[in-house]
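Single-letter residue listing:
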Amino acid sequence: MKSRAFTADAVFDGWHIWPHAVIMLDEQGYVVKFIPHPDDRQRRTAEYFAGLLCPGFINVHCHTELSYLKERIPRGTGLVNFVLQLMETRHDPIFSPDIKLQAISLADQQMQQAGIVAVGDIVNTLDSLPVKQSTNLYYHHFVECMGVSEEIAKQRFEQAQQLAAAWKAHASFPATITPHAPYSVSDTLFRYIALQGESLISMHNQETAAENEWFLTGQGSMRRLYDALGISFHQAAGCGTTSLRHVLPFFFEKNTSAHKPCQLILVHNTFTPAADIQWAAAQFQPDIYWCLCPKANLYIEQQLPPLKTLMTFADDRIVIGTDSLASNDTLSVLEEIKCLQQHFPFIRLEHLLRWATWNGARALHCENQLGSFTPGKKPGVVLVSSIHQQRLSSESRSQRIA
Ligand SMILES: [Zn+2]
């Protein structure tokens with residue numbers, strides 16, 4: 001089969017950066033060979049690109065169905081206000097099904113253009129189904145479940161089961177039931193979800209300081225959220241532990257037997273205390289991924305996660321997400337890692353790219369096809385421009401070239 005060859009100033013294979021390496025692909029885009037140290041002839045016959053080539057990016061956390069809410073919710077007001085505004089705006093009748101679908105379609109196209117090849121997409125509806133039936137991206141659908149009152153747990157869980165079944169029936173991607181967040185899911189509902197035995201779960205975690213305050217003391221602005229929504233308080237209020245320590249055991253306590261353990265993607269982690277990271281890594285490490293969505297964190301809480309601590313205890317489990325256009329101006333993994341590099345200048349490019357490719361592919365269970373230039377995979381080839389001395393610049397752009 002006729003193959004194509006690419007080279008660039010630097011090539012990242014999923015783990016390391018190799019100057020002037022060569023990637024060979026077959027006509028369908030499958031990797032035939034990765035040559036870290038090509039000879040002159042191999043280099044000359046390859047098509048050259050100025051910049052860095054890497055496998056397609058993995059966006060581990062997104063809500064494509066909220067794409068119509070771009071620039072609708074004010075910045076910097078904190079999570080409680082953000083959630084209240086989101087719930088109010090989300091159901092505004094000015095947003096017709098057509099407007100929503102167009103926004104989802106555009107988001108899907110823009111992610112492809114920015115070099116993203118796979119997405120962990122939170123779904124509460126079937127709004128994005130028509131797009132998912134014709135997309136070139138790989139999606140894992142996380143069917144989100146929430147409900148603070150213990151009494152509605154069974155009903156909410158059954159609704160999620162029905163939605164997950166509809167996703168599986170009408171789209172070719174996996175769909176697993178997932179809790180929204182510790183503060184919005186009752187203990188009973190957590191138990192239902194955990195007993196479902198899903199292989200992959202995602203959960204918003206410690207996105208605001210108010211979440212831990214509620215669990216530790218039963219005080220703080222979370223009370224305002226429950227009041228404004230007219231719902232009963234979360235019963236774990238004042239339980240004396242952080243939210244993460246309260247909920248993680250639900251997913252792992254039954255796994256002492258021959259059950260295959262579930263894997264859990266914790267999203268945001270903006271206010272996760274160092275002691276919680278160390279505890280979770282020691283207890284559950286192989287099964288926990290830490291997803292960072294820095295631009296959404298700056299949009300909502302104007303705060304970034306404790307990256308140094310995460311790198312110390314879980315560097316090979318850090319992954320990247322964009323969150324939704326309700327809390328971000330782009331759905332670009334490159335823009336997220338540029339943001340991280342800007343705020344944490346000590347991080348090496350190799351780490352950022354690994355989080356954005358190989359780690360993400362493992363987190364979404366698609367590493368057999370995506371995430372590295374390994375022969376037999378079809379990971380996509382992305383060109384990242386304007387890299388100076390192994391650092392991204394503000395002008396760096398990403399673009400799919402194969
Ligand atoms: Zn989210």
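A few points on the structure. (Residues numbered from 1 in each chain as written. Predicted model: local features only at pLDDT ≥ 70, side-chain atom pairs only at ≥ 80, totals over all residues. Heavy atoms only, no water.)

**Some words on the sheet that holds strand 9 (residues 175-179)**
- Spatially, 6-7-8-9 is the arrangement adopted by the 4 strands of the open sheet, whose pairing is parallel. Two strands close off the open sheet at either side, each with one partner strand: strand 6 (57-62) and strand 9. Taking the axes of each pair of neighbouring strands and ignoring which way they run, one obtains an average angle of 20° across the sheet.
- Pairing analysis gives 5 bridges linking strand 8 (residues 138-145) to strand 9, with the strands arranged parallel. Directly across from His141, in strand 9, lies its bridge partner Ala175. (Pairing = 2+ DSSP bridges. Helix = DSSP H or I, 4+ residues; strand = E, 2+ residues; numbered from the N terminus. Axes fitted to C-alpha atoms, helices over the stretch in contact; angles between N-to-C directions.)

**Overview of the side chain of Gln112**
- Structurally, Gln112 is set in helix 3 (residues 97-113).
- Owing to a relative accessible area of 18%, Gln112 belongs among the buried residues under this scheme.
- Excluding residues that lie within four positions of it along the chain, Gln112 makes contacts with Thr135, Asn136, Leu137 and Arg400. (Buried < 20%, exposed > 50% of the residue type's maximum accessible area, 1.4 Å probe, protein only. Contact = heavy atoms within 4.5 Å.)

**What about the pairing of strand 7 (residues 116-123)?**
- Counting buried positions along strand 7 gives 8 out of 8 residues, so the element sits mostly inside the fold.
- When strand 6 meets strand 7, the two strands line up parallel, connected through 4 bridges. Of the residues in strand 7, the one forming a bridge with Phe57 is Ile116.
- Here 6 bridges tie strand 7 to strand 8, and the two strands are oriented parallel to one another. Among the inter-strand pairings, Val123 is bridged to a residue of strand 8, identified as Val143.

**Observations regarding the coordination of the zinc ion**
- Surrounding the zinc ion are the protein donor atoms His61 (NE2), His63 (NE2), His204 (NE2) and Asp323 (OD), at 2.1 to 2.6 Å.
- Coordination at the zinc ion comes from 4 donor atoms whose angles at the metal span 83 to 168°, giving a geometry best classed as irregular.
- Written as a sequence motif, the donor arrangement for the zinc ion is H-x1-H-x140-H-x118-D. Separated by 260 residues along the polypeptide, His63 in the loop between strand 6 and helix 2 (79-90) and Asp323 in the loop between strand 13 (318-320) and helix 13 (333-343) bring together distant segments of the chain.
- A relative accessible area of 8% means that His63 is categorised as buried.
- Of the residues examined, Asp323 reaches a relative accessible area of 5% and is grouped as buried. (Donors = N, O, S within 2.8 Å, 3.2 Å for Na, K, Ca; no water. Tetrahedral: all angles 85-135°; square planar, octahedral: opposite > 155°, others 65-115°.)

**Side note on the layout of surface pockets**
- Volume-wise, the largest pocket comes out at about 920 Å³.
- Taken together, the elements giving at least two residues each to the lining of the largest pocket come down to helix 2, strand 8, helix 5 (153-170) and helix 8 (222-229).
- A total of 6 residues in the lining of the largest pocket trace back to one element, the largest contributor, which is helix 2.
- Taken together, the residues of the lining of the largest pocket sort by class into 19 nonpolar, 14 polar and 8 charged.
- Forming the boundary of the second largest pocket are Val117, Asn136, Tyr138, Cys366, Gln369, Leu370, Lys378, Pro379, Gly380 and Arg400.
- In terms of residue class, the lining of the second largest pocket is built from 5 nonpolar, 3 polar and 2 charged.
- Here the lining of the second largest pocket spans two domains, and each of domain 1 (1-55 + 372-402) and domain 2 (57-370) adds at least three residues to it. (1 Å grid on protein atoms, 1.4 Å probe; cavity = no way out; pocket = protein on both sides within 12 Å on 5 of 7 lines; lining within 4 Å. Points joined across faces, edges and corners; volume = space filled by probe spheres on them. Nonpolar A, V, L, I, M, F, W, Y, C, P; charged D, E, K, R; others polar. Domains from an automatic or database assignment.)

**Overview of the side chain of Glu65**
- Inspection of the secondary structure puts Glu65 in the loop between strand 6 and helix 2.
- Overall, the relative accessible area of 2% leaves Glu65 in the buried class.
- At a separation of 3.2 Å, a polar atom in the side chain of Glu65 contacts the side chain of Arg90.
- Among all residues touching Glu65, those that are not within four sequence positions of it are Arg90, Ile104, Ile122, Val123, Asn124, Thr125 and Asp127. (Polar contact = N/O pair within 3.5 Å; in protein donor to acceptor, adjacent residues only side chain to side chain.)

**Focus on the sheet that holds strand 10 (residues 200-205)**
- Here 4 strands make up an open sheet; going across it, the order is 10-11-12-13 and the pairing parallel. If you trace the sheet from one side to the other, it starts and ends with strand 10 and strand 13, each paired once. The sheet shows a mean angle of 30° between the axes of neighbouring strands, direction not considered.
- Where strand 12 (residues 288-292) meets strand 13, 3 bridges bridge the pair, whose relative direction is parallel. When the bridges of strand 13 are listed, Leu292 appears paired with Ile320.
- Strand contacts of helix 9 (residues 243-252): strand 10, strand 11 (263-268) and strand 12, with the helix running at about 160° to strand 11, the strand carrying the most contacts.
- Running at roughly 155° to strand 12, helix 12 (residues 307-314) makes contact with strand 12 and strand 13 of the sheet.

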